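Now for the letters of each chain:
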Amino acid sequence: MRNVIAFFVLWFALIIESTVFQIPPISAIQPNLVLVVAVMVAMTRGPRAAMLLGVLVGLIQDIEFGSFIGLSAFTYGVVGYFAAASFSQFLHKNVSIAFLVTIVFTWLQVWITFGLTRLFDVTGFAWQSVMADSLSKMIQNGIALLILYAPLHFAFADKPGNRYRSKAPDSL
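A short tour of the structure in this document, coming up. (Residues numbered from 1 in each chain as written. Predicted model: local features only at pLDDT ≥ 70, side-chain atom pairs only at ≥ 80, totals over all residues. Heavy atoms only, no water.)

Inspection of the entire model under this criterion finds seven aromatic pairs. An angle of 85 degrees between the planes, with centres 5.3 Å apart, marks the rings of Tyr-81 and Phe-82 as edge-to-face. Judged by relative accessible area, Tyr-81 falls into the partly exposed class, the value being 37%. Here Phe-82 falls in the partly exposed class, since its relative accessible area comes to 45%. (Phe/Tyr/Trp six-rings, centres within 6.5 Å; stacked < 30°, edge-to-face > 60°. Buried < 20%, exposed > 50% of the residue type's maximum accessible area, 1.4 Å probe, protein only.)

Below, the structure is given as structure tokens:
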């Protein structure tokens, strides 16, 4: 059930990213909300769910807005899987680790996208402009994660049960 909630939150993030952040006063900042939510899904749900949900939402993004199908699906799937794999290396998963993983995988997502579009010769950007864009995106996504960390963690994380509490009612 939490994976279904995660899918709808990812889809809602895509809608917000493609509508609200395109209005001229707000368009000065454009965080990649799908990537931020995908990193939170990776932290709370694991690699399989993060990769699958990243591919599904990336495919929706490619069909609706992409220049060719598969680029966003591939990058979000890779980011989701490897973000979850990197989270599994840490004993404690907290906001500081999520912040570091988000900025690292933002950089990775921007450069994978640039590399694939450069490979297929469909980009006109030079590596200098991509470097400036990746630094800007890293800052924006890091701030977006700090704002959205608590509600996303509450929505996606499994609630820890009290395993030492008996199921029978207290008889005092």
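It is worth spelling out the packing of helix α1 (residues 2-19) against helix α3 (residues 47-65) at this point. Direction vectors running N to C along α1 and α3 enclose 35 degrees, while the axes themselves pass 10 Å from each other. For the pair α1 and α3, the sense of crossing is right-handed. The segment α1 lies against α3, with Asn-3, Ala-6, Phe-7, Leu-10, Trp-11, Leu-14, Glu-17 and Ser-18 engaging Ala-49, Leu-53, Leu-56, Val-57, Ile-60, Gln-61 and Phe-65. (Axes fitted to C-alpha atoms, helices over the stretch in contact; angles between N-to-C directions. Helix = DSSP H or I, 4+ residues; strand = E, 2+ residues; numbered from the N terminus. Left-handed = near helix turned anticlockwise from the far one by under 90°. Contact = heavy atoms within 4.5 Å.)

It is worth spelling out the pattern of salt bridges at this point. On inspection of all chains with the given rule, the structure shows two salt bridges. The residue Asp-158 makes a salt bridge to Arg-2 at a minimum N-O spacing of 3.9 Å. One end of the pair, Asp-158, is in the segment after α6 (127-156); the other, Arg-2, is in helix α1, with 156 residues separating them in the sequence. On the accessibility criterion, Arg-2 (23% relative accessible area) is partly exposed. Accessibility expressed as a relative area gives 52% for Asp-158, which makes it exposed. Taken together, the shared-partner salt bridges connect Arg-2, Arg-45 and Asp-158 into one network. (Salt bridge = Lys/Arg side-chain N within 4 Å of Asp/Glu carboxyl O.)

On to the packing of helix α2 (residues 33-45) against α3. Two measures define how a pair of helices packs: the angle their axes make with one another and the distance between the axes. Between α2 and α3, the shortest axis-to-axis distance is 8 Å and the interhelical angle comes to 155 degrees. When the axes of α2 and α3 are compared, the pair comes out roughly antiparallel. Helix-helix and strand crossings are classified by hand; for α2 and α3 the assignment is right-handed. In this structure, α2 contributes Val-34, Ala-38, Val-41, Ala-42 and Arg-45 to the contact, and α3 contributes Ala-49, Ala-50, Leu-53 and Val-57. Of the residues belonging to the contact of α2 with α3, the class tally is eight nonpolar, no polar and one charged. (Parallel < 35°, antiparallel > 145°, perpendicular 65-115°, else oblique. Nonpolar A, V, L, I, M, F, W, Y, C, P; charged D, E, K, R; others polar.)

Among the surface-exposed residues, Met-1, Val-4, Ile-5, Phe-8, Trp-11 and Ile-15 lie close enough to one another that they form a single nonpolar patch of about 600 Å² accessible area. For Ile-15, the location among the structural elements is in helix α1. (Patch = residues over 30% accessible without salt bridge, like charges linked within 9 Å, V, L, I, M, F, W, Y side chains within 5 Å. Areas by Shrake-Rupley, 256 points an atom, 1.4 Å probe, with all protein chains shown as cover.)

Right, let's get into the nonpolar core. If you look at the biggest cluster of nonpolar residues, it comprises 34 residues, and the most contacted ones within it are Leu-10, Val-41 and Phe-87. Looking at this core, the elements that each hand over two or more residues are α1, α2, α3, α4 (71-87), α5 (95-119) and α6. Of the residues forming this core, the biggest block, 11 residues, is contributed by α2. In this structure Phe-87 touches Val-39, Ala-42, Met-43, Lys-93, Ile-97, Ala-98 and Val-101, once residues within four positions along its chain are discounted. (Core = buried A, V, L, I, M, F, W, Y, C linked by side-chain atoms within 4.5 Å.)

The next point concerns the environment of Gln-22. Mapping Gln-22 onto the fold places it in the loop between α1 and α2. In this structure Gln-22 touches Glu-17, Ser-27 and Gln-30, once residues within four positions along its chain are discounted. One polar contact links the side chain of Gln-22 to the main-chain carbonyl oxygen of Glu-17, over a distance of 3.4 Å. (Polar contact = N/O pair within 3.5 Å; in protein donor to acceptor, adjacent residues only side chain to side chain.)

For Asp-121, which is not glycine, the phi dihedral falls at a positive 55 degrees. Residue position: Asp-121 is located in the loop between α5 and α6.

This part takes up the environment of Ala-42. Within the secondary structure layout, Ala-42 lies in helix α2. For Ala-42, a relative accessible area of 3% corresponds to the buried category. Separated by 19 residues in the primary sequence, Ala-42 and Ile-23 have C-alpha atoms spaced 30 Å apart. Those residues in contact with Ala-42 that sit more than four places away from it in its chain are Ala-50, Gly-80, Ala-83, Ala-84 and Phe-87.

Interpretation in functional terms is not warranted from these geometric data alone.
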